[in-house]
Amino acid sequence: MTARPDRATLEAIQKSPMTSWYSPFQLARSALDMAISGLMGARGDFRLLEAIAGPQPPFDYATREGVERDELWLDYVADTGDGFNPTYAIASLLARPTLVLGGRETRRGEVLVMGGDEVYPSATRQAYWTRLVRPYAAALPQADLDPKEAPHLFAIPGNHDWYDGLTSFMRLFGQRRTLGAWKTLQARSYFALKLPHGFWLLGVDIHLEADIDQPQIEYFCRLARTEMRDGDRVVLCTAEPDWVKGALYNPDLQSNLAFFERHLAEARPGVEVVARFAGDLHHYRRHESADGRQNITAGGGGAFLHPTHGEPVDVVHSGPGADQRPYSLKASFPSAAESRRLTWRNLLFVRYNAGFLPVAAFVYMLSSLTLRRPGSGAVAWGLILVLVFILFTDTSRTWYRRLAGSLHALVHLAAALGLTHLGGALLGVDVRNLGSFWGILAVTLFAGATGALVGPTLMGVYLLISLNVVRRHGNEAFSALRIEDYKNFLRIHVHRGGLTVYPVGLRKVPRAWKVVEDHRPGEPYLVPARGALAPELIEQPITIPIAPRPLQAGPRAAEAAGDTRREPPAEAPRCPASAAGSTAESGVSDP
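If you're wondering where the values come from, they're calculated on a predicted model, not measured in any experiment. (Residues numbered from 1 in each chain as written. Predicted model: local features only at pLDDT ≥ 70, side-chain atom pairs only at ≥ 80, totals over all residues. Heavy atoms only, no water.)

Chemist: Sorry, what's going on with the overall build of the chain here?
Modeler: Scanning the chain for helices and strands turns up 16 helices and 25 strands. By the burial criterion, 57% of the 591 residues in the chain qualify as buried. At a minimum sequence separation of 6, the contacts of the chain that also span at least 24 residues come to 75%. (Helix = DSSP H or I, 4+ residues; strand = E, 2+ residues; numbered from the N terminus. Buried < 20%, exposed > 50% of the residue type's maximum accessible area, 1.4 Å probe, protein only. Contact = heavy atoms within 4.5 Å.)

Below, the structure written as structure tokens:
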């Protein structure tokens, strides 16, 4: 998009709504996408073709024209490309030349890293164009920047990007195209960025089944042996936070990234992983180890909000083999209390999921037809519904899944039977001995019409209780709400003191936008119709210092590995802060 689009085009791109996950069409499409992608993933892996297509050296941001750089700004965003409002709101913040956060001026990243699931609900050429390219092009138009000053863009795919076998993803990100002024450079679905002061950022493609292929392992191991130095520090970007998924569902889910880290350590023993960034869960969470390593989930680029209060993840684990260590939860956005309050919106499930009403009406009508007279048909239908709800129940414990799923199904069956008898009473007929077609039709339609409201309401009550009491169904409860607010991204500054992460939150996303008539270069085409975007620091910035150097004679020793500093408030005096094992005496400042 090089020329300014007309008003009609700018107004049209605002019409992309949040994905309605409970509509019958979306439910069917999601099931089909998962089935097809699973089949394709099992029989064909696009990454194997990438490996033989040609080399992809690391992208060097540590030097410029042969001179070592003193600093570099980067941005990290994940789970973009859903509804226009949140996607564009975050894109317009990323596009600003500067953001003042906590009294500090930060600069737009020379590099933007997208951390997976760049589009929802499915990866198609049209979906990428409508839900991702156009919003980002409106936020930072290509024509407004000199090509030499254009920021670079790298991306790793998530499961939604893999739904078409990675075809649309590679067409956009692997062919040196642009999203507005952001320019893509990669030729594979994974990449390595060499940063100043001994830092590296590795973007890893974990595929659909959390699998890292052998050519990708060899690519990164070869890079570790030939390009990295002892003492270099690595930031891993992956599409899913395996430290959370492993704690919730299956510890085996953590073995994949641990397998990758073990091979990396064997290839270059002196390199250490000091931070992991991931999306997939659409909120902000930071876990920290005792020696200051960071696990950050930041999937707030535009998709619906996920809760922060459901899963028991106060302590998680990361790392390969004997090097695995515990990480404690340090911050969440939104807070657990805010997340819990938002869950009560599920009582208005009907309001947020109008597309689910036909599904509920159909189920209640069929229940009315089969349950009004006891028999084999009623038993068969009841068993089918119980099985469906058991499969729907979110838990890794078989006994709970069977119990909760069965109770949930029985409540709906009882409600359908009760509405059937209520309809018969109102119509003055005996539902157990309906002899006429019109009587059967009238009772069935009554059960369907009332069930279209009762069924979704019971679903909302179930999701509310499941999340706020049992701490399950976080995805189902919040995908139903389609909350556009509480978005986030990471602004990263690599400087002579280390690598500082600024967690940026946007508590409120505008619901309406207006076209900027007197657009000036470097400004977005659209601004909020009322008020202004109000980005904030989710927590004080976190600094990971540069690698320790050999001890020198003198009063001070070099800073110890793993020491992570919290940035003091802008107007507060700096206080010493150290992690376990640190010998440093003062904090590291981000200039």
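From this point, the narrative continues.
Chemist: Would you mind going over the side chain of His 408 with me for this structure?
Modeler: Along the polypeptide, His 408 turns up in helix H14 (residues 398–427). Filtering out sequence-adjacent residues up to four positions away, His 408 remains in contact with Phe 389, Phe 392, Met 459 and Tyr 462.

Chemist: What is the right way to read the packing of aromatic side chains from this model?
Modeler: A ring pair, where both rings are aromatic, is described by two values, the distance of the centres and the angle of the planes. Taken as a whole and judged by the stated rule, the model has 24 aromatic pairs. Seen from their ring centres, Phe 220 and Phe 260 are 5.3 Å apart, and the 85° between their planes marks the pair as edge-to-face. Here Phe 220 is found in helix H7 (residues 214–226), whereas its partner Phe 260 is found in helix H9 (residues 255–267), with 40 residues between them in sequence. Residue Phe 260 is classed as buried on the basis of its relative accessible area of 1%. The rings of Phe 59, Tyr 61, Phe 154 and Phe 191 are connected pair by pair, giving a single aromatic cluster. (Phe/Tyr/Trp six-rings, centres within 6.5 Å; stacked < 30°, edge-to-face > 60°.)

Chemist: Would you mind showing me how to read helix H16 (residues 474–481) here?
Modeler: Residues lying three or four places apart along an α-helix face the same way, a consequence of the helix completing one turn every 3.6 residues. Of all the 8 residues making up H16, 7 are buried; the element is thus mostly covered by neighbouring parts of the structure. Positive phi appears at Arg 482, one or two residues downstream of H16, with a value of about 50°.

Chemist: Can you walk me through the pattern of salt bridges in this structure?
Modeler: Two side chains that carry opposite charge are able to pair once their charged atoms sit near each other. Taken as a whole and assessed by the stated rule, the structure comprises 28 salt bridges. Between Arg 64 and Glu 110 there is a salt bridge whose closest N-O contact spans 3.1 Å. Of this pair, Arg 64 sits in strand S2 (residues 63–64) while Glu 110 sits in the loop between strand S6 (104–107) and strand S7 (111–114), and the two are 46 residues apart along the sequence. Judged by its relative accessible area of 47%, Arg 64 falls in the partly exposed class. (Salt bridge = Lys/Arg side-chain N within 4 Å of Asp/Glu carboxyl O.)

Chemist: How do you make sense of the pairing of S6 when you look at a structure like this?
Modeler: Two faces make up the sheet, and in a regular strand the side chains alternate between them. Only one face of S6 is buried, namely the one carrying Arg 104 and Thr 106, since none of Glu 105 and Arg 107 on the opposite face is buried. As defined by bridge partners, strand S5 (residues 98–101) adjoins S6 across 4 bridges and the pair is classed as antiparallel. From the neighbouring strand, Leu 101 faces S6, where its bridge partner is Arg 104. Two successive antiparallel strands, S5 and S6, enclose a turn made up of 2 residues, where Gly 102 displays a positive phi of approximately 60°. (Pairing = 2+ DSSP bridges.)

Chemist: Explain a nonpolar patch on the surface here, please?
Modeler: On the surface, Trp 344, Leu 347, Leu 348, Val 461, Ile 465, Val 469 and Val 470 cluster together into a nonpolar patch covering about 610 Å² of accessible area. Considering the arrangement of structural elements, one finds Val 470 in helix H15 (residues 437–470). The exposure class of Val 470 is partly exposed, given its relative accessible area of 33%. (Patch = residues over 30% accessible without salt bridge, like charges linked within 9 Å, V, L, I, M, F, W, Y side chains within 5 Å. Areas by Shrake-Rupley, 256 points an atom, 1.4 Å probe, with all protein chains shown as cover.)

Chemist: What should I look at first to understand the packing of helix H4 (residues 84–95) against helix H5 (residues 125–139) in this one?
Modeler: How two helices pack is summed up by the angle between their axes together with the distance between the axes. Contact pair H4 / H5: the axes reach a minimum separation of 8 Å and the direction vectors enclose 40°. By the angle between their axes, H4 is oblique relative to H5. For the crossing formed where H4 meets H5, the hand is right-handed. Residues Phe 84, Thr 87, Tyr 88, Ala 91, Ser 92, Leu 94 and Ala 95 of H4 form the contact with H5, whose own contacting residues are Arg 131, Pro 135, Tyr 136, Ala 138 and Ala 139. A class-by-class count of the residues in the contact of H4 with H5 yields 9 nonpolar, 2 polar and 1 charged. (Axes fitted to C-alpha atoms, helices over the stretch in contact; angles between N-to-C directions. Parallel < 35°, antiparallel > 145°, perpendicular 65-115°, else oblique. Left-handed = near helix turned anticlockwise from the far one by under 90°. Nonpolar A, V, L, I, M, F, W, Y, C, P; charged D, E, K, R; others polar.)

Chemist: Just to check I follow, could you spell out the side chain of Arg 188 for this structure?
Modeler: One can find Arg 188 in the loop between strand S10 (182–184) and strand S11 (191–194). A distance of 3.0 Å separates a polar atom in the side chain of Arg 188 from a polar atom in the side chain of Tyr 190. (Polar contact = N/O pair within 3.5 Å; in protein donor to acceptor, adjacent residues only side chain to side chain.)

Chemist: Would you explain the UniProt feature "transmembrane region" (unreviewed entry) in the chain in this entry?
Modeler: This chain's UniProt record puts "transmembrane region" (unreviewed entry) on residues 348–366, 378–395, 407–429 and 435–465. Secondary structure content for residues 348–366 is 74% helix and 0% strand, while the C-alpha to C-alpha distance between its ends is 24 Å. Structurally, residues 435–465 comprises 94% helix and 0% strand, and the distance from its first C-alpha atom to its last is 41 Å. (UniProt positions renumbered as here; feature names shortened; annotations may be inferred.)

Chemist: What's the story with unusual backbone geometry in this structure? I'm lost.
Modeler: Most peptide bonds take the trans configuration, and most residues that are not glycine carry a negative phi. Following Tyr 120, the chain continues into Pro 121 via a peptide bond in cis, with omega recorded as -5°. Here Pro 121 is to be found in the loop between S7 and H5. Following Phe 333, the chain continues to Pro 334 via a peptide bond in cis, the omega torsion being 0°. Positionally, Pro 334 belongs in the loop between strand S18 (325–333) and helix H10 (336–343). A positive phi angle, near 55°, is found at Arg 176, a position not held by glycine. Inspection of the secondary structure assignment puts Arg 176 in the loop between helix H6 (167–173) and strand S9 (178–179). Even without a glycine there, the phi angle at Tyr 486 is positive, about 60°. Relative to the helices and strands, Tyr 486 resides in the loop between H16 and strand S19 (487–495). A relative accessible area of 13% places Tyr 486 in the buried class.

Chemist: Explain the sheet that holds strand S14 (residues 272–278) here, please?
Modeler: Sheet strands line up and pair through hydrogen bonds in the backbone, either parallel or antiparallel. Read across the sheet, 9 strands follow the order S1-S11-S12-S13-S14-S16-S15-S18-S17 without closing on themselves; strand pairing throughout is mixed. Looking along the sheet, the strands with just one partner apiece sit at the ends: strand S1 (59–60) and strand S17 (315–318). In terms of strand pairing, strand S15 (residues 284–289) meets strand S16 (residues 294–298) through 5 bridges, oriented antiparallel. Counterpart to Glu 288 in the pairing with S16 is Gln 294. On the sheet, H7 packs against S11 and strand S12 (199–203) and is oriented at approximately 20° with respect to S11. Strands S12, strand S13 (233–238) and S14 of the sheet are contacted by H9, whose axis makes an angle of about 150° with S13.

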